Amino acid sequence: MNTLSACRRGSVSLLVLYTGLLLFLILPYGAGLLNAQNNMRLILRAGAYIDETLPSAYLGLDAAALAIGQFQLDSQQVENMVSERLMAHLPPELINRFEIRAVQVDWQAVTTDPEHFLGDEQPLRVPTVTCVANIHLPNGNTNTISRTIILYQRPN
């Protein structure tokens, strides 16, 4: 009987040891990993959302000017339109976490291409739209995300 009770005491002590290890080491570490994964998911989702919304800036291009190969747009109109679209269709997980810092239109010079479909009428500058936003994470940190789209003219 002595050896049987010694085996039981050993099993109980191992059970207590494993339970303590689980409670004090593995669970807090696992919870930290899950929180880090959730923060990364929010950051990636916010970046993807901006990437999805920025092409709406094409709607701000002047159609009559495009017909003759010129890029013309009202910068303020494009900035307002992109900002409104970003806030109007915000995914549920980003509500109260997503904050637009700036939407800005700029012009970037491009080199001439002798084989461009517009020939001599090709534009020398193309508009770019940049969005900078803050993501407020559950752990209290704030991450800044910046995305830019270049509005190229392509043949139909």
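Everything discussed here concerns the structure shown above.
Residues numbered from 1 in each chain as written. Predicted model: local features only at pLDDT ≥ 70, side-chain atom pairs only at ≥ 80, totals over all residues. Heavy atoms only, no water.

Asks: Whenever I open this one, the overall build of the chain confuses me. Can you help?
Replies: Broken down by element type, the chain carries three helices and three strands. Ordered by position from N to C terminus, the α and β elements of the chain give α-α-α-β-β-β. Taken over 156 residues, the chain has a buried fraction of 28%. A separation of at least 24 residues holds for 62% of the contacts in the chain among residues at least 6 apart in sequence. Split by element, the accessible area of the chain, about 10,500 Å² in all, is 57% carbon and sulfur. (Helix = DSSP H or I, 4+ residues; strand = E, 2+ residues; numbered from the N terminus. Buried < 20%, exposed > 50% of the residue type's maximum accessible area, 1.4 Å probe, protein only. Contact = heavy atoms within 4.5 Å. Areas by Shrake-Rupley, 256 points an atom, 1.4 Å probe, with all protein chains shown as cover.)

Asks: Would you mind showing me how to read the sheet that holds strand β2 (residues 125-136) here?
Replies: Working definition: the strands of a sheet are paired by backbone hydrogen bonds and lie parallel or antiparallel to each other. Spatially, three strands are ordered β1-β2-β3 in an open sheet, and the strand pairing comes out antiparallel. The sheet is open, and its two edges are formed by β1 (98-109) and β3 (142-150), each paired on a single side. If you compare each strand with its neighbour and ignore which way they point, the axes differ by 15 degrees on average. Direction of pairing for β1 relative to β2: antiparallel, over a ladder of eleven bridges. Looking at β2, one finds that F98 is bridged to I135. Contacts from helix α3 (residues 75-88) reach β1 and β2 within the one sheet, and its direction differs from that of β1 by about 145 degrees. (Pairing = 2+ DSSP bridges. Axes fitted to C-alpha atoms, helices over the stretch in contact; angles between N-to-C directions.)

Asks: Looking at this structure, I do not really get the packing of aromatic side chains. What am I missing?
Replies: Each aromatic ring pair is described using two quantities: the centre-to-centre distance and the angle formed by the ring planes. Summed over all chains, the structure comprises one aromatic pair. With centroids separated by 6.0 Å and ring planes inclined at 80 degrees, the aromatic side chains of Y49 and F98 adopt a geometry described as edge-to-face. Of this pair, Y49 sits in helix α1 (residues 2-53) while F98 sits in strand β1, and the two are 49 residues apart along the sequence. F98 carries the same exposure label as Y49, and that label is buried. (Phe/Tyr/Trp six-rings, centres within 6.5 Å; stacked < 30°, edge-to-face > 60°.)

Asks: Help me understand the side chain of T128 in this model?
Replies: Here T128 is to be found in strand β2. When residues no more than four places from it in sequence are discounted, the contact partners of T128 are Q104, V105, D106, W107, Q108, T148, I149 and I150.

Asks: Where do I start with α3 in this structure?
Replies: In this model, α3 (14 residues) spans 20 Å end to end at C-alpha, consistent with the 20 Å of a helix rising 1.5 Å per residue. Here α3 has its buried residues at V78, E79, M81, V82 and L86. Seen along its axis, α3 keeps its buried residues to an arc of 165 degrees; they face one direction. In α3, those exposed residues whose orientation departs by more than 90 degrees from the buried face are E84 and A88. (Expected span 1.5 Å × (residues − 1). Arc of directions from axis to C-beta.)

Asks: I would appreciate a short explanation of the nonpolar core in the present structure.
Replies: The nonpolar side chains of a soluble globular protein tend to be buried with one another. Counting 27 residues, the largest nonpolar core has I50, L94, F98 and V129 as the members making the most contacts within it. Of all the elements in the fold, those that place two or more residues in this core are α1, α3, β1, β2 and β3. Apart from residues no more than four positions distant in its own chain, L94 is found in contact with L42, R45, A46, Y49 and I135. (Core = buried A, V, L, I, M, F, W, Y, C linked by side-chain atoms within 4.5 Å.)

Asks: Would you mind going over the side chain of T53 with me for this structure?
Replies: Its location among the elements puts T53 in helix α1. Taking the relative accessible area as the measure of exposure, T53 reaches 10% and is therefore buried. A distance of 2.9 Å separates a polar atom in the side chain of T53 from the backbone oxygen of Y49. Leave out the neighbours within four places in its chain, and T53 touches V82, R85 and L86. (Polar contact = N/O pair within 3.5 Å; in protein donor to acceptor, adjacent residues only side chain to side chain.)

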